[in-house]
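# Coordinates in review
This is what each chain is made of:
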Amino acid sequence: MADNSTLVSEAGRSLLADSSVLDSKIVETSKENVFPGSVLNVEEEMPQIETRVVLVQEAGKREDLLKALEEIKVPCIKTDTIEELGDCDSPEFETIFVVSDFQDSIFSNLCKADCRVIGPPVVLHCAQKGEPLPFSCRPLYCASMLNLVLCFTGFRKKDELVKLVTLVHHMGGVIRRDFSSKVTHLVANSTHGDKFRIAVSLGTPIVKAEWIYKAWEKRNEIDFCAADDDFRNQFKVPPFQDCMLSFLGFSDDEKANMEEMTEMQGGCCLPVGDERCTHLVVEESTVKDLPFEPLKKLYVVKQEWFWGSIQMDARAGESMYLFEKSESPGLKKSVSLLSLNTPNSNRKRRRLKETLAQLTRETDMSPFPPRKRPSAEHSLSVGSLLDISNTPESSIASGETPKSCARPSKNSASLPLKQSARWQVAKELYQTESNYVDILTTIIQLFQVPLEKEGQLGGPILAQEEIKTIFGSIPDILDVHTKIKEDLEDLMINWTESKSIGDIILKYSKDLLKTYPPFVNFFEMSKETITRCEKQKPRFHAFLKINQAKPECGRQSLAELLIRPVQRLPSVALLLNDIKKHTAEENPDKITLERAIESLKEVMTHINEDKRKTEAQRQFFDVVYEVDGCPANLLSSHRSLVQRLETIALGDDLCDRGEQVTLFLFNDCLEIARKRHKVIGAFKSPHGHTRPPASLKHVVLMPLSQIKKVLDIRETEDCHKAFALVVRPPTELNNKLLSFQMTAEEPPKEDWLKMLCRQVANTICKADAENLIYTADPDSVEVNTKDMDSTLSRASRAIKKTSKKVTRAFSFSKTPKRALRRALMSHSATEGRSPSSVNESYVGSRLTSTSSLAGVPSPSLVSLPSFFEKRSHTLSRSTTHLI
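Residues numbered from 1 in each chain as written. Predicted model: local features only at pLDDT ≥ 70, side-chain atom pairs only at ≥ 80, totals over all residues. Heavy atoms only, no water.

To continue, consider the overall build of the chain. Per the secondary structure count, the chain includes 30 helices and 23 strands. Expressed as a percentage of the 883 residues in the chain, the buried residues total 42%. Taking the contacts inside the chain whose residues are at least 6 apart along the sequence as the reference set, 68% of them involve residues at least 24 apart. Accessible surface for the chain amounts to roughly 48900 Å². Of this, 52% is attributable to carbon and sulfur atoms. (Helix = DSSP H or I, 4+ residues; strand = E, 2+ residues; numbered from the N terminus. Buried < 20%, exposed > 50% of the residue type's maximum accessible area, 1.4 Å probe, protein only. Contact = heavy atoms within 4.5 Å. Areas by Shrake-Rupley, 256 points an atom, 1.4 Å probe, with all protein chains shown as cover.)

As structure tokens, then:
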């Protein structure tokens, strides 16, 4: 107790020197020794001492504190001054002072007197958790840093450090002078030093001093925890803090991108050669020597250090990424001359030539592809198949090895120099299959396994949903093709002309049908996810930069590697066709190859059909999200979207004349929606993807069976690209006319009308779709488009919209009283009641909403009577001669 009080009273001198030692003793005794509920029962060894709480000044006026102390069952005393308590040092009581302000003079006096002081949040916290009041060796205001162990680095001003340490102690945190694995957070004012390096290697969160200040501002929030990830990440130290970077050897676009990333990660950019520069990032493939002699304090590093720091979300150690100068030309020349002028140089060259010739002969005899030099691998074009040789050592080093890659290749026996054309194509099939398996292995080992790895520095780079969307069924595809490769390898080792290649493909046709459609159908979504994550997540962008630069990728991006499964099955079908051409008619494999080719075609047809269904489903959901108020019964497994058409309404039935209307033609219904006057806010899904706001408003969903005729309105000077629909809702006796003007060039009006009639004929089970189209004059149906684009027409539509807004703004009810009275009178008239009785019942009932009209049946979504009350009599005469 005496040592602890010294720490508090003489904070300016002894706090920094002894706090880590004292805290280590406290923490190592027990992690939860701050609260007496977690320590050993010491009542048997020590006599009972009654605990009492003294509420000082403002704390005594808080009702919530009094209630909390009642729940804890601790007696309390209110006081304004310490002098009022004459027995505060009495051994009969353990007195705990509750002080609201830790900056007040009373608080300082209590600390000098070595009294136990806590803040109001501690009392409320204990009452909420049902725990007794804590025993703390120093003043404790709140528990927001309870069980946190902090270490500081890079702070030069002693006053600032003392203030930070004091705040941490007031919030229940522990301070360590030396960094160890027990430290939970490193508070850094600089990215230099051993503590920072160790924290990066251990994955310990590194935060700024502002984290402590902001946590202290939230000290009165009972449920607040300073270690919360969302709160802590706001104050993490960026990777390039205190770093000034220059870039050498990069293209203008790449340099601009890296400079932007540097500023986003807390660094600054300087021109090459500036003496203030701390790091010179070099493109090692283009820069062979530096244009100047670097200073000793300047780190000359490869670009892998830059992207690695962003990926780890912390500054990586420079020693692993230092740029090494290439040997000077003079030194290379001297070495080459020395090797050529040795006495045995001619004999060595002759022996080397013989060895190369022997290796060439052995390669020609082998059915397996030779290993290529790294330069040859890099020189492959994007469209060619990638040749990657993965050794067992490289597989183990890169992470988990898929089960399909565990079996090594078998050694081949010597074969005759000349083989048949069928053998040559079969060897090409094996080579391409081997290369394809290597590509899939690279995708998994180099990209998928590191992204799924637990305990990544800086946290997960991508969410599990995003990883699953990007890679899909790649592991399953790899397992199938590894088995195909092994069977082809056995076939090539024990080659005879009677060996069946088609049986191998038929053997795995069901597996191909199972694994390929899920990946191919969502390949575009996979590419979109990669593009979106690369833009929104700098760590993923850095991860791709690091791995795509490795020789295993052959200078190809992840998206370019992922397209290989989409291309594989068609290329296998072409190779099987070539093998069939070079197979004799009497060979049993001829028929088997035909069956294998047909099975591949079935797989590809199934993929295309499945993809078409997937696209149709996506179009369905796009319509639902785009149309506000879209009826739920639009979604149906048998329904498909046929065509979308942008139009302008030429009548006042569905909406105002001149409004923009979108028609969604499905195979059995027609969704009509108008453009929204006011766009609502964007929709955000639980996974964080933001959808655009709905731009259309649902008007009506019309079954195609209600369309009786389709009118092709003739082109005149006053009427252009107009058509009309004669519809009859099931509750109406007369036909209604809906007229529209097409605004888009595609599709042409004739094609649109034929398409519409075809779907109507299919719905009503008629074969003569052409008989549904009628030609009509604009005057006969009272349709014209002359004033659609005029200034007067636009002004008139604007006035109508404004008047509606004003009417709604000054309306005190959705349904005015006059309309309610008229509806009740008309309803009672049908029952034989007098208007006076209706008025009396209306006044007495004091209707407050339209719920009293619930007995009146409302039209369904698929019926149209409510839209055609205005023109039912005027249009009946116009359409009679057309029926």
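Residues with a pLDDT of 70 or more make up 69% of the chain, whose mean pLDDT is 74. Note that pLDDT drops below 50 for residues 1-44; the model gives that stretch 69 contacts with residues more than four away or on any other chain. Across residues 410-417 the pLDDT falls below 50, and counting only partners more than four positions away or on other chains, this stretch makes 14 contacts in the model. (pLDDT = per-residue confidence, 0-100.)

Another point: the pattern of salt bridges. Applying the stated criterion across every chain, the model contains 24 salt bridges. Here the salt bridges share partners, and the residues they tie into one network are Arg-422, Glu-497 and Asp-589. (Salt bridge = Lys/Arg side-chain N within 4 Å of Asp/Glu carboxyl O.)

Quick look at the side chain of Asn-735 now. As for its placement among the helices and strands, Asn-735 is situated in the loop between β21 (722-727) and β22 (736-742). With relative accessibility at 7%, the residue Asn-735 sits in the buried group. Polar contacts involving the side chain of Asn-735 include one to the side chain of Arg-728, which spans 2.8 Å. (Polar contact = N/O pair within 3.5 Å; in protein donor to acceptor, adjacent residues only side chain to side chain.)

Our focus in this paragraph is helix α16 (residues 421-452). Here α16 is 32 residues long and its end C-alpha atoms lie 45 Å apart, about the 46 Å a rise of 1.5 Å per residue gives. Bending of α16 peaks at approximately 30° at the position of Ile-444. Within α16, 26 of the 32 residues are buried, which leaves it mostly tucked inside the rest of the structure. (Expected span 1.5 Å × (residues − 1). Bend = angle between axes of the 7 residues up to and from the residue.)

Take the side chain of Arg-116 next. Here Arg-116 lies in strand β4 (residues 116-118). With relative accessibility at 12%, the residue Arg-116 sits in the buried group. Only 2.6 Å separates the side chain of Arg-116 from the backbone oxygen of Pro-134, close enough to count as a polar contact. Setting aside its immediate chain neighbours within four residues, Arg-116 contacts Glu-94, Thr-95, Ile-96, Phe-97, Pro-134 and Phe-135.

Attention now moves to the sheet that holds strand β13 (residues 627-628). Here we have nine strands laid out as an open sheet, ordered β13-β19-β16-β15-β14-β22-β21-β20-β23, and mixed in their pairing. Two strands close off the open sheet at either side, each with one partner strand: β13 and β23 (773-776). As defined by bridge partners, strand β16 (residues 669-675) adjoins strand β19 (residues 696-703) across seven bridges and the pair is classed as antiparallel. Looking across to β19, one finds that Arg-674 is bridged to Lys-697. Against the sheet, helix α26 (residues 749-763) contacts β14 (641-649), β15 (660-666), β20 (707-713), β21, β22 and β23, and its axis sits at roughly 170° relative to β20. (Pairing = 2+ DSSP bridges. Axes fitted to C-alpha atoms, helices over the stretch in contact; angles between N-to-C directions.)

This part takes up unusual backbone geometry. Cis geometry marks the peptide bond from Glu-746 to Pro-747; its omega dihedral reads -5°. Tracing the chain through its elements places Pro-747 in the loop between β22 and α26. In this model, Gln-57 sits at a positive phi of 50°, which is unusual for a non-glycine residue. Note on placement: Gln-57 falls in the loop between β1 (50-56) and α3 (63-72). Under the relative-accessibility criterion, Gln-57 is labelled partly exposed at 30%. One non-glycine residue, Asn-147, lies in the positive phi region at around 70°. If you trace the backbone, Asn-147 turns up in the loop between α5 (120-129) and β5 (149-153).

Moving on to helix α24 (residues 564-581). Given a rise of 1.5 Å per residue, 18 residues ought to cover 26 Å, and the 26 Å separating the end C-alpha atoms of α24 matches this to within 8%. Within α24 the residues assigned to the buried category are Arg-564, Pro-565, Arg-568, Leu-569, Val-572, Ala-573, Leu-575, Leu-576 and Ile-579.

An order of β10-β9-β11-β12 is seen for the four strands of this open sheet, with the pairing classed as parallel. Among the strands making up the open sheet, the edge pair consists of β10 (268-269) and β12 (299-302). Where strand β9 (residues 244-248) meets β10, two bridges bridge the pair, whose relative direction is parallel. Across the sheet, Met-244 pairs through a bridge with Cys-268, a residue of β10. Taken strand by strand, helix α10 (residues 252-264) contacts β9, β10 and β11 (279-282), and its axis lies near 170° from that of β9. Strands β9, β11 and β12 of the sheet are contacted by helix α11 (residues 303-312), whose axis makes an angle of about 80° with β12.

It is worth spelling out the packing of aromatic side chains at this point. Between two aromatic rings, the relevant description is the distance of the centres plus the angle of the planes. In total, this model carries 16 aromatic pairs according to the counting rule given. Ring centres of Phe-240 and Trp-305 lie 5.5 Å apart, and the angle between their planes is 40°; this geometry places the pair in the tilted category. Here Trp-305 lies in helix α11 and Phe-240 lies in the loop between α9 (229-232) and β9, a separation of 65 residues in the sequence. The same class applies to Phe-240 as to Trp-305, namely buried. (Phe/Tyr/Trp six-rings, centres within 6.5 Å; stacked < 30°, edge-to-face > 60°.)

A cluster of nonpolar side chains, contributed by Phe-621, Tyr-625 and Leu-635, occupies part of the molecular surface with about 270 Å² of accessible area. Structurally, Leu-635 can be placed in the loop between β13 and β14. Taking the relative accessible area as the measure of exposure, Leu-635 reaches 40% and is therefore partly exposed. (Patch = residues over 30% accessible without salt bridge, like charges linked within 9 Å, V, L, I, M, F, W, Y side chains within 5 Å.)

The next point concerns the packing of helix α18 (residues 474-493) against helix α20 (residues 509-521). Following both chains from N to C, one finds α18 and α20 inclined at 145°, their axes separated by 9 Å at the closest point. Read as a crossing pair, α18 and α20 show a hand that is left-handed. For the pair α18 and α20, the contacting residues are Ile-474, Asp-476, Ile-477, Val-480, His-481 and Ile-484 in the first and Asp-511, Leu-512, Thr-515, Tyr-516 and Phe-519 in the second. Tallied by class, the residues present in the contact of α18 with α20 amount to seven nonpolar, two polar and two charged. (Left-handed = near helix turned anticlockwise from the far one by under 90°. Nonpolar A, V, L, I, M, F, W, Y, C, P; charged D, E, K, R; others polar.)

Let us look at the state of the cysteines. By definition, a disulfide links the sulfur atoms of two cysteine residues through a covalent bond. Using the criterion set out here, one finds zero disulfides in the structure. With no disulfide of its own, Cys-243 lies 9.4 Å from the sulfur of Cys-268, the closest cysteine sulfur. (Disulfide = S-S within 2.5 Å.)

Next up on the list: the nonpolar core. Counting 60 residues, the largest nonpolar core has Ile-443, Phe-447, Ile-501, Phe-540, Leu-558, Leu-562 and Leu-576 as the members making the most contacts within it. With sequence-adjacent residues up to four places away left out, Ile-501 is seen in contact with Arg-422, Ala-426, Leu-429, Leu-488, Leu-491, Trp-495, Leu-576, Ile-579, Asp-589 and Leu-593. Listed in part, the 36 residues of the second largest apolar core include Val-54, Ile-106, Leu-161 and Phe-224. (Core = buried A, V, L, I, M, F, W, Y, C linked by side-chain atoms within 4.5 Å.)

On to the environment of Pro-729, then. Within the secondary structure layout, Pro-729 lies in the loop between β21 and β22. Judged by relative accessible area, Pro-729 falls into the buried class, the value being 1%. In sequence terms Pro-729 and Ser-705 are 24 residues apart; their C-alpha atoms lie 9.3 Å from each other.

Our focus in this paragraph is the pairing of β1. Of all the seven residues making up β1, five are buried; the element is thus mostly covered by neighbouring parts of the structure. The handedness of the β1 to strand β2 (residues 76-79) crossover, carried by α3, is right-handed. (Right-handed = clockwise from strand over helix to strand, strands pointing away.)

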